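Structure at a glance
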Amino acid sequence: MYIIILTYQKDLSEVEKHLEAHRAYLDKYYASGHFVASGAQVPRKGGVILCKGGSKEEILDIITQDPFHEHRIATYQIIEFIPTKFSEAFEKVLS
């Protein structure tokens, strides 16, 4: 499991220009089963994506397809972790 933290590098006006394409990108990876949850940081300085993937290389490949990456809107921090304790409801997500 991975946590991807996006940090905006441009003004929100520039973020807004690419937001529709970014959301289409998110939809693609929700449909593939990679993305589990996502949303904006508070305050709005970037976003967070909870992601399933086989390797960090796979996650890096997925990130390069984000319009925010293509247009240098955001930088990305990838944190890999192994869930060892979780609710019964979340167990379905992990399988």
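These remarks concern the structure in this document.

Quick notes on the rules
- Residues numbered from 1 in each chain as written.
- Predicted model: local features only at pLDDT ≥ 70, side-chain atom pairs only at ≥ 80, totals over all residues.
- Heavy atoms only, no water.
- Salt bridge = Lys/Arg side-chain N within 4 Å of Asp/Glu carboxyl O.
- Helix = DSSP H or I, 4+ residues; strand = E, 2+ residues; numbered from the N terminus.
- Buried < 20%, exposed > 50% of the residue type's maximum accessible area, 1.4 Å probe, protein only.

Attention now goes to the pattern of salt bridges. Following the criterion strictly, the structure yields two salt bridges and no others. In this structure, the salt-bridge partner of K17 is E14, at a minimum N-O distance of 3.3 Å. Here E14 and K17 lie together in helix α1 (residues 12–17), a separation of three residues that amounts to about one turn. According to the relative accessible area criterion, K17 is exposed, its value standing at 61%. Given a relative accessible area of 24%, E14 falls into the partly exposed group. When the shortest N-O distance is used, the salt bridge between R44 and E16 registers 2.8 Å. Of this pair, R44 sits in the loop between β2 (35–40) and β3 (46–51) while E16 sits in helix α1, and the two are 28 residues apart along the sequence.

Our focus in this paragraph is unusual backbone geometry. When glycine is set aside, most residues are seen to have a negative phi, and most peptide bonds are trans. Here the residue pair V42 and P43 is connected by a cis peptide bond, since its omega of 0 degrees sits within 30 degrees of zero. With respect to the helices, strands and loops of the structure, P43 is situated in the loop between β2 and β3. You will see that R72, though not glycine, has its phi angle at about 55 degrees, which is positive. With respect to the helices and strands, the residue R72 is situated in the loop between α4 (67–70) and β4 (74–80). By relative accessible area, which is 66% here, R72 ends up exposed.

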